[in-house]
Every structure is written in C-alpha cells, then in structure tokens.
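Remarks on the overall topology
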Amino acid sequence: MGDTLQVLELICHSCGKYRSPRCATCPVEQHRQQEMVRAVAGIGQERLPHLPRNVYRALFQHSPFGFVVTDASGVVRLVNPTFTRVTGYSSDEILGKTMKVVQSGKHSKAFYQQMWAQIQSEGYWEGEIWNRTKSGNLYPQWLIIKAYREDDSLYYFGYFADITEQKAFEASLVEKAKMDSLTGLMNRVAFEERLRSLMQSENARGAVLFLDLDGFKRINDSFGHQTGDLLLRKAAKRIRKAVGHSDAVCRVGGDEFLILLADVKHPGEVERMAKRVLQGFERPFVILGRELLLSASIGISTFPDDGENPEVLVRCADNAMYQAKAMEGNTYQFHSGPSSVRLGSLEYELQSAIESGSFELHFQPHYHLESSELAGLEALVRWRHPRKGLVLPGEFIPIAEGTGLIVPLGEWVLREVCAQIARWRQRGLHVPPVSVNLSPVQFQHWNLVSMVTDALEQAELDGNAIRLEITETTLVEDAERAVQSLEALRALGIEVAIDDFGAGYCSLSYLSKLPVDVLKIDKSFVSDVVVNERNRIIVQTIVDMSRALGIRVVAEGVEQEAQRDWLREIRCDFGQGFLFAKPLPIDQVEPLLKPECLV
C-alpha cells in the first residue's frame, strides 16, 4: 500500500463527507467527540488541507477512534493503537487476517450481505454493529466503512467508536423511566408491560393484588412528608421481601402498590401471599426514632377469570381493595370467583347490574332565577331492577360506597352522561352544562383525572360540557390533595361545584382557598327560609360572600314560590327543586332543550 502516512492522508481526505460515530453519552461529550472526529475525518463538504506528516501521525496514534484498512479481499493491512486497545488484538496478530476474526456471531448472513451491497453501490456504510474482542467479549461499535480506489487498487477504510458506555447509559435511562424514584420499585408503566406480556402467554394464570396502606395519610399529615417518604420506602421493602423477587411489585403512586403473581395454580396460593404481605405489617416501623403502626388493605383479581387486559384486572383489584377498606382494613378481598367477598343478595345484584349496565339516567334541571331560563341539568342515576322496578339512589348508593362498587358505577354514570350529551348535540340541540356527582371514594381515586379525560375524549366533548359536584365534607377531609385535584379538573375546562354546602364542616372563609365555580346551598337551609330568620341570614351571607368571590350559587330544594321569590330578591343565581321540575327521564328532558341555532 505504500507509505503508511500516505494511507493516513487518504483516510482523512476520503472520509470528508461522512458523519462521526454517534458514541457520546451526553450532549457535552457528544460535541467534544464530534469535533475530534471532524479533525480526523474532515466532516463537511470541504476536504482537509495537506498537513505535515507528523500531524497525521499524531491523529493516527492518539485518535479515540479505531482505524482499520483492508484490501479488496478484506485482508487487514493497517490498524491504529485504539483498534488494538479495544479489540485486544496486536498489530502482528491482526495484520494479514480478515475482519471475520472479530465478528460477534450476533448478526445474520443477510445483515453482512446488505452492508456490503451498500458499500459496493454507494461507496460507504455507516451503522451500529456488534463485534468480539480477542478475549471473547461482545461489544457494540458505531462503524463507518469507506471504499477507496487508487489506480487499479481498491481499499476499505473503516473507523469506529466503542459505544459500550453509551448503550449502558441508554439502558440505565430506560430502567429509570420504568422505576419509581422513591422506592426503587417498578412503576405502573413497567408493571402493565409485565402483566400484558404474561397474559399473552399460552394458558397463563395469575393474580393482581392492589394494596393500599391503612392510616398512611394520618401519619403523613401528623409527622410530615419526610417521615411519610421514609415510611413508604420501608413499606416497599417489606412488601418486596414478602413477595420475593420472582414476582413483580409496583408502586402506583401515593400509598398504593400493585403485586403481580405469575403461574398461579390455585386460589389458595394467592390467599397465602396476601396473608404473608399483611403479616409483614404486624411489626411497627421505626422512623426517625418513632414507632409507627401501619396496616394494609388488599384487593385481588385473577386472570383470566376477572379480565382479559391489564386495565380491567387492575380496576377489578382496585374495587376489591375498597371492599377490604370498607371492612375496616387490614384484610384482603377477592373481586370474584369462589373465594370472593361474601356480599348480601343486594350487593351481588348491584355488582351484576354494574357489569350488565342495568342503570339509567334521569336529569333534574335548574334555572336562572332572574330570567327563568334553563341553566343546567344534574344527572341522577336510577337502577332498573328486574323485580323491584326503578330503585332510587338512596337504597343502593350507600351499599355501592361501602363495598367499593361506587367506583365502577360512578365511571359508568360519567361516561353515559358524556355519551348522552353527544347524542343530543348530534340532533342539533343546545345542551347546558350537565352536573355529575362524585362520591368521596371517586374523588380520592388515583385515576380520576385520566378517567374524566378519557370519557370526554371518547364523546368528543370539551370540558365545559360537564360540571363535577363534590360535597364539602369530601373537600375538607384532605384539603391539600383536594385543591390539587380541583385544579387538575379545572385545567380541562370543567366547572367544579361544592354540593350540599352548609351541611358539612366548611367555613365561609375556606371558600377563598378552593378553586371552585359553583356553590350549591343545602336544601335544609332553603326549605324554611321563609319562616326561619336564622336560616335566612345564613343563606343571605352565603350568597353575598360567594358573589364577592366570583362564585355562582344554586339553591337546592326550592319547592315553593315564596322561596323562589325571596331567593330572587337576594340575587341568588339559580334555583333547583320540585317547584321547577322533578328528575326527568331522557325523553322528557329533550323538549326542554332548545335547538342550537336558536341559542
């Protein structure tokens, strides 16, 4: 091949238009190494000027990139020190041999055929490739091969970077993206990937355990977030120890965890695991010198019995967890099957009704007191029982809340309301905001915002199509979390209303701290405002303060004209009650809705 330095000049000048190996692990390092490659390979359209030979010798000897030159037969004619350092082969060991000695065996014959076909047609190839060191270790390279002709001779110039560190860094980023930063457990995304993969296996059977820590909120509020975080870490370690490393454990968020049990042969195995996890909480936790007692509630779903996708299984386990909570915690409950919680007949019927959708919606209007125009609708659920006929909420809602069934029932109501609004709009009707009641369990549920978002998106509605009503008692129980949830809902364009205001513990001054749009005065104050001076003063004060805060007011339970007239006098915004309309089935609501073109 002639003088070695002439070869170096050819390498530097012939690689001018090709990119550098993408081997950096961070932007700063990437920029530094690319500049070095530019110095060696002459990146850009311009070629390097002819430099003194000692410059080329320095580039060749000290480049962080490996260089190799072969002849047309693939026989190695020249390598640099970086090549020998990375591969472990000395110059004497590699010169005269072909590059097949460093092939890893990871790539197919078709891979090399395609690579060389491109080199023959385009004169170069660039990409990631795995090779083998002399000691037998496999490692990844970013490799560029350039064909070069001189007279009647053909040579191949290759230069490469060992990207082992980059690959490790990228792998660590992937792992971190699937890890809960507080506890080191996998996060929900990684858990559902594992669960989905397991469920796709032939004849797969397993179980999902949804665990919630009993009393964690009280400890976190009493001793602060530092204590709470330390407690979560120690709780995670006990769960991990009880489960072992063959099954997956995930922190969903807050004080909630998921456990995946694979290859379950019998429900008894799942029960034993649930008991083992609960036993792990029998000893007190020592946090910053304090002994803290904590227990857990566990809900269990099994596959394929309870569902055919991860989302359904997690939801079933979540519902079962609320059943365990309703039994004062420190226990476990199955979602269904022979080991399921032993509900009474009405509870079983309610669960079956939720699964079959045996419910219907009624809507109660409320009106502008000044103009008497329709201002909104409140959605109310009814159970169409096969024997009892239409069952009112007072009979089944307490059962649903006590067993955790309120979560799937509430989701059905929200989705059906959104779907009904969409159907009315498709018929050209103007639909005022429709209010949907959220139970305390729903409001505190971890996926509330995502569930509401999904319901709106499925119906192709904006957030202003609905209004969510939460009782003041619910808001006061966890004020900090309540404000965060309310702000997240309002960010979707959804109005938020405080329902039954005055019946709970919320002070008037507390209103200024809550991001709400509408306040509904409890009907117990409205029912006797005509004759009870004390209640008149309370209602007047609520209306005046709400107006000053920019909050609109709905008076509930208006049944008499005298009540309506007095409320109108004090400039209350809206009225709702039997004086205006009782809850109406869908076909009786439609005549109240104006065509969109007339609004």
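See above for the structure.
Just so you know, these numbers come straight off a predicted model, no measurement behind them. (Residues numbered from 1 in each chain as written. Predicted model: local features only at pLDDT ≥ 70, side-chain atom pairs only at ≥ 80, totals over all residues. Heavy atoms only, no water.)

Remarks on the overall build of the protein chain
Secondary structure assignment for the protein chain yields 23 helices and 22 strands. For the protein chain, the proportion of its 599 residues judged to be buried stands at 50%. Here the analysis covers contacts within the protein chain between residues at least 6 apart in sequence; of these, 64% occur between residues at least 24 apart. Looking at the protein chain as shown, the accessible area adds up to about 29100 Å², and 49% of this sits on carbon and sulfur atoms. (Helix = DSSP H or I, 4+ residues; strand = E, 2+ residues; numbered from the N terminus. Buried < 20%, exposed > 50% of the residue type's maximum accessible area, 1.4 Å probe, protein only. Contact = heavy atoms within 4.5 Å. Areas by Shrake-Rupley, 256 points an atom, 1.4 Å probe, with all protein chains shown as cover.)

Section: the sheet that holds strand β11 (residues 295-303)
Across the sheet, which stays open at both edges, the 5 strands sit in the order β7-β8-β6-β11-β12 with mixed pairing between neighbours. Among the strands making up the open sheet, the edge pair consists of β7 (248-253) and β12 (332-334). Across this sheet, the average inter-strand angle for adjacent strands is 20°, counted without regard to direction. Summarising the sheet, strand β6 (residues 206-214) and β11 pair through 9 bridges and their orientation is antiparallel. When the bridges of β11 are listed, Ala207 appears paired with Thr302. (Pairing = 2+ DSSP bridges. Axes fitted to C-alpha atoms, helices over the stretch in contact; angles between N-to-C directions.)

With respect to the packing of helix α10 (residues 225-243) against helix α11 (residues 267-279)
Closest axis-to-axis distance for the α10/α11 pair is 9 Å, and the angle between their directions is 145°. The crossing of α10 and α11 is right-handed. Taking contact as the criterion, the partners of Ile239, Ala242 and Val243 in α10 are, on α11, Met273, Arg276 and Val277. Among the residues forming the contact of α10 with α11, the class breakdown is 5 nonpolar, no polar and 1 charged. (Left-handed = near helix turned anticlockwise from the far one by under 90°. Nonpolar A, V, L, I, M, F, W, Y, C, P; charged D, E, K, R; others polar.)

Points about unusual backbone geometry
A cis geometry characterises the amide bond from Phe303 onward to Pro304, with omega recorded as 10°. Note on placement: Pro304 falls in the loop between β11 and α12 (310-326). Even without being glycine, Leu288 reaches a positive phi, approximately 50°. Mapped onto the elements, Leu288 comes out in the loop between β9 (285-287) and β10 (290-292). A positive phi angle, near 55°, is found at Asp500, a position not held by glycine. Tracing the chain through its elements places Asp500 in strand β18 (residues 495-501). Given a relative accessible area of 26%, Asp500 falls into the partly exposed group.

What to know about the packing of aromatic side chains
Ring pairs (aromatic) are described by centroid distance and by the angle formed between their planes. Taken as a whole and assessed by the stated rule, the structure comprises 14 aromatic pairs. Between Phe83 and Phe160 the ring centres are 5.9 Å apart and the planes differ by 75°, which places this aromatic pair in the edge-to-face class. In this pair, Phe83 sits in helix α4 (residues 81-87) while Phe160 sits in strand β5 (residues 153-162), placing the two residues 77 residues apart along the sequence. Residue Phe83 shares its accessibility class with Phe160, and that shared class is buried. A ring pair is formed by Phe111 and Tyr112, whose centres lie 5.3 Å apart and whose planes are at 85°; its orientation type is edge-to-face. With a relative accessible area of 22%, Phe111 lands in the partly exposed category. By relative accessible area, Tyr112 is classed as buried at 14%. (Phe/Tyr/Trp six-rings, centres within 6.5 Å; stacked < 30°, edge-to-face > 60°.)

Notes on the pairing of strand β20 (residues 552-555)
Sheet analysis places strand β19 (residues 518-521) next to β20, joined by 4 bridges and oriented parallel. Within β20, the residue paired with Ile521 across the bridge is Ala555.

Focus on the side chain of Glu378
You can see Glu378 is positioned in strand β14 (residues 374-385). Of the residues examined, Glu378 reaches a relative accessible area of 7% and is grouped as buried. Polar contacts involving the side chain of Glu378 include one to the side chain of Lys520, which spans 3.1 Å. Sequence-distant contacts of Glu378, that is, excluding residues within four places in its chain, are made with His362, Phe363, Gln364, Ser435, Asn437, Glu469, Lys520 and Gln576. (Polar contact = N/O pair within 3.5 Å; in protein donor to acceptor, adjacent residues only side chain to side chain.)

Regarding the side chain of Asn80
Its location among the elements puts Asn80 in the loop between β2 (76-79) and α4. A residue is classified by how much of its surface remains accessible, and Asn80, at 1% relative accessible area, is buried. Once residues lying within four places of it in the same chain are set aside, the contact partners of Asn80 are Phe60, Ser63, Phe65, Gly66 and Phe67.

Some thoughts on the sheet that holds strand β1 (residues 66-71)
The strand order across the open sheet built from 5 strands is β2-β1-β5-β4-β3, with neighbouring strands paired in antiparallel fashion. The two strands at the open ends of the sheet, each matched to only one other strand, are β2 and β3 (124-132). In this sheet, neighbouring strand axes are inclined to one another by 25° on average, regardless of whether the strands run parallel or antiparallel. Sheet strands touched by helix α6 (residues 109-122): β3, β4 (138-150) and β5. Its angle to β3, the strand with the most contacts, is close to 150°.

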